Each structure stands twice: as structure tokens, then as C-alpha cells.
Amino acid sequence: MQFDLTEDQRSFQEMARNFANNEILPNAEEWDDQSIFPEETLRAGAALGFGGIYCRAEHGGSELTRLDAAIIFEELASACPSTAAYISIHNMASWMIDRFGNDDLRARVLPKLMVMDHFASYCLTEPSAGSDAASLKTRAVRDGDHYVLNGAKAFISGGGRSDIYVVMARTGEEGPKGISCFVVENGTSGLSFGAQERKLGWKSQPTSSVQFDDCRIPVENLVGSEGQGFAIAMAGLDGGRLNIGACSLGGARASLEAAKSYMAERKQFGRRLDQFQALQFKLADMATELEAARLMLHRAASALDGKHPDATQYCAMAKRLATDTGFSVVNEALQLHGGYGYLKDFPIERYLRDLRVHQILEGTNEIMRVIIARKLIG
Amino acid sequence: MKVLVPVKRVVDYNVKVRVKADESGVETANVKMSMNPFDEISVEEAIRLKEAGKATEVVVVSIGTAQSQDTLRNALAMGADRAILVEADGEVEPLAVAKILKGVIAEEEPGLVLLGKQAIDDDSNQTAQMLGALTGWPQATFVSKIELGDGSMEATREVDGGLETIKVNMPAVVSVDLRLNEPRYASLPNIMKAKKKPLDTKAAADYGVDVTPRLKTLKVSEPPARAAGIIVGSVSELVEKLKNEAKVI
């Protein structure tokens, strides 16, 4: 077993860290406060290869591994989990097109996605189909050279702003086998968006519902084959869960660092906070649990890279552990800041708000347990 | 035209440096190391010259331990074409560096040598000037703008009280200042490609240079801790203290 990063991975990590510290961190508070989607910064990141980290090089992807991506997302999220998480979603949707799309579709949409001239959204969840995603009701009906879509999607990151929507819709029977995957381009007639959602966190990315009313798309926009959509959606999520877990690690690490610095300055009862053993123990536990979650996440990423038969189970375990641990670490870091942690003058509350949703999306942590248990019990 | 860019591996500028317990120098074990920031600027400028079609090849060279390979790979990932590592352990003083570089120049025959104006570890600011003297080439130091002409270049220098523009014949030695450019990040694909670019390893002896230090470091110590300040009650009290205690007015 090899636990050290390779020379390349250290270079990716250092570059991502520098980019995060110089280009993202100084602006993260403003993006959060004013709900700014930082398109220029995203494009600057895409110029460095963040737009398609594990897409093939043919249309401009970086062609790296899932483990490389996990290392990169942790760094980006250490500055702004919300912005890093949007990049994760863009990567997930782009990869689904790259992996399962036909050559014409790939050549048509990927080059702009890779440089983030176009932004991508992933559309699975519906108002009445969340955890039970396979019960989705959006329909796609074949009509000559077109599919006609009707239905609605909810909680779509990038909704209203994205150029490319990767949409799961029903073309056949009830259940997962009747679902297909489509690319819907913004501007298509019949595609519309709900109002921007008002959220606890993740404010640097737009979120809205997406509506399809007799939305006609060419048959070439089918990704994979009819009936393959749910499998494609789940394959995308394996990687998406790793990325979101990595985003939690990054946000938690930044919070732990902030708590360490605060405790080195703050004095009470005539002593620096970091001289109280009770608080030292708290820091020690936070660091230990964070490291354990990181190991699990890197293990799961390696499993996905190696096409391990249990990769989906490992990804679910890693997502559950990293996002729960991430939230508990940032929550403890806020506690260590006392009242100041609750103020916007310190960055902790932003990380807390951003990391909370990681326990809910890309499959709730309860669904992660369902996936793991199903494998255990059979 | 070939451009030669010497780069140095130094303690990262974000690191809070600590003096070793035996006062022999600063702690470098388990400390993050990076490319000297001024050297990053010279690498960036060389790559821009190549991208503009004014240079044909960018060769980076580093003199130091085997770990300096990381620094060279970083320069290759930014866009340099080829790297040379001249292995030398311990401290190599500016004169020895300049002598080795003279040897590298004899082999490589570059039309331009672009160096950082100084390294942020020892702040010597000597290598470029010594190299200019050893080669007999014109030198332009503290340069914030470069305009290549035909067989010559115009260099804008940052000097006390403003900017000075000088014309130097090529080949020339140029040391670069902070405001010349803003170095790029190496992209993920370029980091991968850097692995496949050639990196030659040499020894100082290959250039017949003795790198034994000429100077002896007696002691390295922390600067004295800053004394606590006071809050004065009024402007007149401030003036009184500046006059009678600080004796600055």
C-alpha cells in the first residue's frame, strides 16, 4: 500500500492550492455575501484544466484520475466549498457526456465545456423524486428525429445560468430501467427555469428548478442508449460523491486551521486557548477524524480508478464519512471560536453553511447507508 | 534565439522561517520549498518571448541538491523546454554559481540569460552582475520591461526615483524585477507533460568549478523581538516623546 502522493499529485495539489489561495479565497466572502457566480474565476481555473479533470484529452480534458481530482477538490474547497462544489458538478455532468455520449455530441459540446465557456448542470432530482430518484416522472417521447420532454427538475445547481443540462427522463417503463439520459441546450424552446432559490449556503452558485414544456431536442442528444440513463446517472454520482466528500475535507481543513490560529491568539483566564488541554484534545480529535475521512476518500477514489467491483459501495462510505466528519469538524471549529465564530467577520460560519448541504446532496447520507447496507445484506 | 533561465530552490515565501537551534542557519528540514519568486518571473518572461516567436527554446538550469529537480519540473510545467540540474550539496555562493553558469553558457550558447534579481533566501543580488563580468556580456539589472530589437534590446530598469531605459547589445545578462510580469500557473496537462521533457544532470566539477564557500557564516540569529508600543494621550504628548525620547524631530 502506498499512502504518499506521487510527484505529479503533489504538483497538482500545490497548483490547486496556489490558485485557491490567490484567486478564490480573497473573493469568497463577497461571492457568498452577494450570491455572485464567479464566471471569470471559473474560466481561469478551466484554463488550468479544472473544467474536465477526468475527461479524455481528445476535446480538452485533463485526463487525470479520480484520486487526482479528490486532491484538487480538497484544495479548491479549502478556499470556497461552494465554488469548488459547482466545479465538481460541472465535471460530473461533462464526464457523463464524455464517457457515454456519441462522438458527434462529444465533439459538439465538450470543447466549450472543458474551457467553461459553457457551464453544465446535472438534472436528476424532481420535486417528488429525491432519494427515490428512480421514480422520476419527467418524460421524453420520441417523435421522428426528436425527443419531446415534459416535466420538471428541482434543486438544479447552475439552473438558469448553465448552457448544458444533462437530464434524466423516462422513455419507457416505471423504475430505473425506463430512464434515459439527454443533453438539453439552453435556449431550446420549451426549456424554462424557476426563480433562484434562497439558500442557507452554496451561495456562489445559482440554484433553480428546471421546467420542460414540449421541449424538443434532436435524437443525437441522447447520451448512451435508451434505458441506460439511470445507470449513467449513478455512474456520474460515484465520482460526484468523491468530489463532494473532498470538498467537505477542504472546508473542514480550512476551519481547523482557522481554529488553530484563533486559539494561538485568544487568551482567557490568563492563558492562550491552545494551552488548555481540554481544547487541545478537541483539536487532536478533529485532526484525527479528518485524516481518517481523507484516507477513506482516497481509498474509494483508488477503487473507482481501478474499477473495483465494490467501488460504488466505497464511494458511498467515503461520501457519508467525509461529509459527516467535515460538518462535525467545522461545527467544532465554530465552537472553539466562541461567539466570534457565529459572526460573519470570521470565515467559519460560511464554511459551516456550505458544508451542511454536503450531507444532503449527491444522495443523502441516509441513502449512502442504504447503498452500503444493500451490499452487506445482499 | 535560445534563452537560458537559472532558477533556485528556496524556502517558500509563505513559510515563517526559523533559526536552527545551533545558530548555523535557518531550518530547511520539513519546510516547504518553492522556486524563488523572482526566478518564476524570469521563467514566465522567457516563455512569453517564445510564445511571441522571439525565442526558439527556453532552457532552465538549477544549481543545488537533487531536490532542485522539483523546481526544474515546475519550470518545465510552466512551459520551459528543457532543464539542466548541476548537482551541488550545501551552500553555493553567488560567485561559484556565476562561474558554473558561465560554463553552461559556453555549452548552450544562449542569446539571452534571464535571472531573478535576487533569491529570497540570502538576498545576495550578485549572481547576475558577476555573470555579466565573467562573460563580458552587457548586463541590465532590475528590469521591469523588455523590448527585443535586432541584435539589441531595450530594457527598462527600476532605479531610485523612477525608471531608466537602456539599450544593450545581445547576447546579454538580464536580471528581472517584480513588476516585469505575473507568472502563470502550470496547467494540469502541462504538469503531466513536464515529466516527459528532458532533464540532464551534471556536476559542478563538469565545469571545473570549485564550489567551496569563500565566506564563513559565524552565526545566524533571530532579529530582536519588537518591544511593546504605548498609546499616547494627546498630540502634544506625542510630539514631546518624539522630540525627547525618540529624538527623531
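Residues numbered from 1 in each chain as written. Chains lettered and ligands numbered in written order. Predicted model: local features only at pLDDT ≥ 70, side-chain atom pairs only at ≥ 80, totals over all residues. Heavy atoms only, no water.

**Quick word on the overall build of chain B**
(1) Moving on: When its secondary structure is counted, chain B shows six helices and eleven strands.
(2) Moving on: Dimensions of chain B along its principal axes, counting C-alpha atoms only, are 65 × 45 × 40 Å.
(3) Moving on: Looking at chain B residue by residue over its 249 residues, the buried ones come to 43%.
(4) Moving on: Considering only contacts within chain B whose residues lie at least 6 apart along the sequence, 70% involve residues at least 24 apart.
(5) Moving on: Summed over all atoms, the accessible surface of chain B reaches about 13400 Å², with 50% contributed by carbon and sulfur.
(6) Moving on: Computing the positive centroid from 32 side-chain charges and the negative centroid from 37, chain B places the two 2 Å apart. (Helix = DSSP H or I, 4+ residues; strand = E, 2+ residues; numbered from the N terminus. Buried < 20%, exposed > 50% of the residue type's maximum accessible area, 1.4 Å probe, protein only. Contact = heavy atoms within 4.5 Å. Areas by Shrake-Rupley, 256 points an atom, 1.4 Å probe, with all protein chains shown as cover. Lys, Arg positive; Asp, Glu negative; His and termini not counted. Charge placed at Lys NZ, Arg CZ, Asp CG, Glu CD.)

**As for the interface of chain B and chain A**
(1) Moving on: Tallying the contact residues gives twelve residues for chain B and 19 residues for chain A.
(2) Moving on: Taking both partners together, chain B and chain A bury about 1300 Å²; carbon and sulfur atoms supply 61% of that area.
(3) Moving on: Of all residues in chain B, the largest losses of buried area upon contact with chain A belong to Tyr185, Leu188 and Ile191 of chain B, amounting jointly to 53% of the total for that side.
(4) Moving on: Here chain B is connected to chain A by three salt bridges.
(5) Moving on: Asp70 of chain B is the partner of Arg10 of chain A in a salt bridge, and the nearest nitrogen-oxygen pair spans 4.0 Å.
(6) Moving on: Between chain B and chain A we count five residue pairs in polar contact (both at pLDDT 80 or more) in total.
(7) Moving on: Only helix H2 (68–78) and helix H5 (188–194) of chain B provide two or more residues apiece to the side of chain B that touches chain A.
(8) Moving on: Here the side of chain B that touches chain A takes four residues from H5 of chain B, the largest share from any one element.
(9) Moving on: Of the residues in the side of chain B that touches chain A, the class split is six nonpolar, two polar and four charged. (Buried area = accessible area lost by both parts, 1.4 Å probe. Salt bridge = Lys/Arg side-chain N within 4 Å of Asp/Glu carboxyl O. Polar contact = N/O pair within 3.5 Å; in protein donor to acceptor, adjacent residues only side chain to side chain. Nonpolar A, V, L, I, M, F, W, Y, C, P; charged D, E, K, R; others polar.)

**Observations regarding the UniProt feature "domain: Acyl-CoA oxidase/dehydrogenase middle" (unreviewed entry) in chain A**
(1) Moving on: Look at the UniProt record and you will see "domain: Acyl-CoA oxidase/dehydrogenase middle" (unreviewed entry) annotated at residues 122–215 of chain A.
(2) Moving on: Along residues 122–215 of chain A one finds 0% helix and 48% strand; the C-alpha atoms at either end are 17 Å apart. (UniProt positions renumbered as here; feature names shortened; annotations may be inferred.)

**Thoughts on the pairing of strand S4 (residues 57–64) of chain B**
Moving residue by residue along a regular strand, the side chains alternate between the two faces of the sheet.
Residues and elements named next belong to chain B.
(1) Moving on: Within S4, seven of the eight residues are buried, which leaves the element mostly enclosed by the surrounding structure.
(2) Moving on: As paired elements, strand S1 (residues 2–6) and S4 share five bridges and run parallel to each other. When the bridges of S4 are listed, Lys2 appears paired with Glu57.
(3) Moving on: Alignment of S4 against strand S5 (residues 82–87), held across six bridges, turns out to be parallel. Residue pairing in the sheet places Ile63 in a bridge with Val86 of S5.
(4) Moving on: Each parallel crossover has a hand, and the one from S4 via H2 to S5 is right-handed. (Pairing = 2+ DSSP bridges. Right-handed = clockwise from strand over helix to strand, strands pointing away.)

**Some thoughts on the packing of aromatic side chains**
Each aromatic ring pair is summarised here by two numbers: the centre-to-centre distance and the angle between the ring planes.
Residues and elements named next belong to chain A.
(1) Moving on: The final tally for this structure, using the stated rule, is 13 aromatic pairs over all chains.
(2) Moving on: Ring geometry for Tyr54 and Trp95: centres 6.4 Å apart, planes at 65°, overall edge-to-face. Residue Tyr54 is located in the loop between helix H2 (39–47) and helix H3 (66–79), and its partner Trp95 is located in helix H4 (residues 81–100); the two are separated by 41 residues in the primary sequence. Exposure class is identical for Tyr54 and Trp95. Each is buried.
(3) Moving on: Ring geometry for Tyr262 versus Tyr340: centroids 6.4 Å apart, planes at 55°, classification tilted. Placement of the pair is Tyr262 in helix H6 (residues 229–265) and Tyr340 in the loop between helix H8 (311–336) and helix H9 (348–356), with a sequence separation of 78 residues.
(4) Moving on: Taking the relative accessible area as the measure of exposure, Tyr262 reaches 11% and is therefore buried.
(5) Moving on: Tyr340 gets classed as partly exposed once you look at its relative accessible area, which sits at 38%.
(6) Moving on: Of note, Arg299 hangs over the ring of Tyr314, and the distance from its end group to the ring centre comes to 4.1 Å.
(7) Moving on: The lysine or arginine in question, Arg350, covers the ring of Tyr351, its NZ or CZ lying 4.7 Å from the ring centre. (Phe/Tyr/Trp six-rings, centres within 6.5 Å; stacked < 30°, edge-to-face > 60°. Lys NZ or Arg CZ within 6 Å of the ring centre and 35° of its normal.)

**Some details on the confidence of the model for chain B**
(1) Moving on: When pLDDT is averaged across chain B, the result is 95; 100% of the residues are at 70 or more.
(2) Moving on: For this predicted complex, the interface confidence reaches an ipTM of 0.90, while the overall pTM sits at 0.91. (pLDDT = per-residue confidence, 0-100.)

**Quick notes on helix H1 (residues 7–33) of chain A**
(1) Moving on: An ideal rise of 1.5 Å per residue puts 39 Å on 27 residues; H1 of chain A measures up with 38 Å between its terminal C-alpha atoms.
(2) Moving on: If you look at H1 of chain A, its biggest bend is around 50°, right at Ile24 of chain A, and the proline Pro26 of chain A turns up within four residues after that.
(3) Moving on: Inspection of H1 of chain A places Asp8, Gln9, Phe12, Met15, Ala16, Phe19, Ala20, Ile24, Ala28, Trp31 and Asp32 of chain A among the buried residues, and these make up the whole buried set.
(4) Moving on: Buried-residue contacts for H1 of chain A involve H2, H3, H4 and H9 of chain A together with H5 of chain B.
(5) Moving on: Just beyond H1 of chain A, the residue with positive phi is Ser35 of chain A, at close to 50°. (Expected span 1.5 Å × (residues − 1). Bend = angle between axes of the 7 residues up to and from the residue.)

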